[in-house]
Amino acid sequence: MQQVKAVVAMSKGAPVEVVTINVPDPGPGEAVVTIQSCGVCHTDLHYREGGINDEFPFLLGHEAAGVVEAVGEGVTEVAPGDFVVLNWRAVCGQCRACKRGEPQYCFATHNATQKMTLEDGTELSPALGIGAFAEKTLVAAGQCTKVDPEARPAAVGLLGCGVMAGLGAAINTGGATRGRSVAVIGCGGVGVAAVAGAALAGSSPIIAIDIDAKKLEKAKELGATHTIDSSTTDPVEAVKEICAQYYEGADGADIVVEAVGRPETWKQAFYARDLAGTVVLVGVPTPDMQIPEIPLIDVFGRGGSLKSSWYGDCLPSRDFPMLVDLYRQGRLDLDAFVTEEIGLDAVEAAFETMHHGGVLRSVVVL
């Protein structure tokens, strides 16, 4: 066991604290990772606010990159010294999804068996099974994905959650490709990543929708061909008008990614898609939200698909190395998502900055 500094949410709504925690030596199937970077994600704030569950205290942070320090018995996929991006869906290989060749949908993903603790022995609940606002963390070895060690940790670590969720929502779930139009509602970190994914796939037009001019400008930098300020313009009608200019008879976008997670914007996405188009919900709703009232005949009559995207439907072992290679080649600008680099002691301030907008990601660098 070793002791390290980490950011912990002790109770619901209370400011986070930098404290000393105990990290066990890795057991069978586990790895200890020295953290080099970890993005400050909305999910961490949801944990602090008790929006995920009430299993306090939480060891926050999950969007991370680092170097494997030690591995436990039976670990063969990574070794000490490997540079890795952490993921929160270590696939089991045995469930019905894995056995039918769809491990990206694994229904039995797993985390480390042992628990990290406070100095007094109180067990910690690591955010998404990772807990990476820490100098070191204990994870299941399958949560470590080896990537190019020359890559910038602060940039590629973001593939561990938000950027992968957005890229995958457009490409993996939505099927963005050449000859298909894409609209993205909500241009925070995940939404802008969906824009970047659509651009990477060669889609056109790519329409970014938000009420924040700064976010729309960032979406344009990362590949949006058009932007819509939905505070002043009906986004549904505007999407239809733009797509009709590209494809004769088009009545909306082929793929609409909803990256907000609200009934109102999901309904906009439903009606902004073309016939036989696809709606992808990647924004996370709260438990009290309901599907908006839509005539069932409209669901039937418009055809197509209404999908949810889990972690961008990614398979980390397949997608992370490929995307890091594209980043290294200059074809995917992951650096653009890093708004600022901060220390462990600035996580609480980063949550406040997040409330005011203007950042895609604050990234803790150790």
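In case you missed it, the structure is sitting above this.
The rules behind each value
Residues numbered from 1 in each chain as written. Predicted model: local features only at pLDDT ≥ 70, side-chain atom pairs only at ≥ 80, totals over all residues. Heavy atoms only, no water. Salt bridge = Lys/Arg side-chain N within 4 Å of Asp/Glu carboxyl O. Helix = DSSP H or I, 4+ residues; strand = E, 2+ residues; numbered from the N terminus. Buried < 20%, exposed > 50% of the residue type's maximum accessible area, 1.4 Å probe, protein only. Core = buried A, V, L, I, M, F, W, Y, C linked by side-chain atoms within 4.5 Å. Contact = heavy atoms within 4.5 Å. Pairing = 2+ DSSP bridges. Axes fitted to C-alpha atoms, helices over the stretch in contact; angles between N-to-C directions. Right-handed = clockwise from strand over helix to strand, strands pointing away. Expected span 1.5 Å × (residues − 1). Arc of directions from axis to C-beta. Lys, Arg positive; Asp, Glu negative; His and termini not counted. Disulfide = S-S within 2.5 Å. Phe/Tyr/Trp six-rings, centres within 6.5 Å; stacked < 30°, edge-to-face > 60°.

Things to note about the pattern of salt bridges
This model, assessed by the stated rule, comprises 14 salt bridges. Glu341 serves as the salt-bridge partner of Arg152, at 2.7 Å between the closest nitrogen and oxygen. In this pair, Arg152 is assigned in the loop between strand 10 (144-146) and helix 3 (153-156) and Glu341 in strand 17 (residues 340-342), connecting sequence segments 189 residues apart. Taking the relative accessible area as the measure of exposure, Arg152 reaches 29% and is therefore partly exposed. Across the salt bridge formed by Asp251 and Arg302, the nearest N and O atoms sit 3.9 Å from each other.

Some thoughts on the nonpolar core
Of all hydrophobic cores here, the largest spans 52 residues; its most connected members are Leu159 and Phe337. The greatest single-element share of this core, amounting to 7 residues, is contributed by helix 5 (residues 189-201). Setting aside its immediate chain neighbours within four residues, Leu159 contacts Val85, Met164, Leu167, Tyr311, Phe320, Leu323, Val324 and Leu334. In terms of nonpolar packing, the next biggest core, distinct from the first, is built from 33 residues, Tyr47, Leu60, Ala127 and Val364 among them.

Some thoughts on the sheet that holds strand 14 (residues 253-258)
Strand pairing in a sheet relies on backbone hydrogen bonds, with the paired strands running either antiparallel or parallel. Read across the sheet, 6 strands follow the order 13-12-11-14-15-16 without closing on themselves; strand pairing throughout is parallel. The sheet is open, and its two borders are formed by strand 13 (226-229) and strand 16 (305-308), each paired with just one other strand. Neighbour-to-neighbour, the strand axes of this sheet turn through a mean angle of 20°, independent of strand direction. Packed on one face of the sheet, helix 8 (residues 263-272) meets strand 11 (182-185), strand 14, strand 15 (273-281) and strand 16 and runs near 150° to strand 15.

Some details on the environment of Leu326
Counting through the fold element by element, Leu326 comes out in helix 10 (residues 316-328). When the C-alpha atoms of Leu326 and Leu200 are compared, they prove to be 9.6 Å apart, with 126 residues separating the residues in sequence. Sequence-distant contacts of Leu326, that is, excluding residues within four places in its chain, are made with Leu200, Arg331 and Leu332.

A word on helix 8
Residues spaced three or four apart along an α-helix point in a common direction, a consequence of the helix completing one turn every 3.6 residues. Among all positions of helix 8, only Pro263, Thr265, Trp266, Ala269, Phe270 and Ala272 are buried. On its buried face, helix 8 is in contact with strand 11, helix 7 (235-246), strand 14, strand 15, helix 9 (296-302) and strand 16.

A few points about the pairing of strand 16
Sheet analysis places strand 15 next to strand 16, joined by 4 bridges and oriented parallel. Along strand 16, the bridge assignment pairs Val279 with Leu306. Once you follow strand 15 into helix 9 and on to strand 16, the crossover reads as right-handed.

A word on the sheet that holds strand 2 (residues 17-23)
Read from one edge to the other, the open sheet built from 5 strands follows the order 7-2-1-4-8, with strand pairing classed as mixed. The sheet is open, and its two edges are formed by strand 7 (117-118) and strand 8 (125-126), each paired on a single side.

Comments concerning helix 10
Between the first and last C-alpha of helix 10 there are 17 Å, a value that for 13 residues agrees with the 18 Å anticipated at 1.5 Å per step. Residues of helix 10 that are buried: Pro316, Asp319, Phe320, Leu323, Val324, Leu326 and Tyr327. One side of helix 10 carries all its buried residues, which in axial view fall inside an arc of 155°. Buried residues belonging to helix 10 abut strand 6 (83-86), strand 10, helix 3, helix 4 (162-173) and helix 5. The positive-phi residue at the C-terminal boundary of helix 10 is Gly330, with phi of around 80°.

Quick look at the side chain of Asp210
Examined against the element boundaries, Asp210 turns out to sit in strand 12 (residues 206-210). Summary of buried charges: Asp210 has no salt-bridge partner, and the nearest side chain of opposite charge, Lys215, is 4.8 Å away. Sequence-distant contacts of Asp210, that is, excluding residues within four places in its chain, are made with Gly186, Cys187, Gly188, Lys215, Leu216, Ile228, Asp229 and Ser230.

Brief notes about the state of the cysteines
On inspection of all chains with the given rule, the structure shows 0 disulfides. Unpaired in this structure, Cys243 has its nearest cysteine sulfur neighbour in Cys187, at a distance of 15 Å. Here Cys243 falls in the buried class, since its relative accessible area comes to 0%.

Some words on the packing of aromatic side chains
Taken as a whole and judged by the stated rule, the model has 8 aromatic pairs. Ring centres of Trp88 and Tyr311 lie 4.1 Å apart, and the angle between their planes is 10°; on these two criteria the pair is classed as stacked. Of this pair, Trp88 sits in the loop between strand 6 and helix 2 (96-99) while Tyr311 sits in the loop between strand 16 and helix 10; the two residues are 223 residues apart in sequence, bridging distant segments of the chain. Overall, the relative accessible area of 4% leaves Tyr311 in the buried class.

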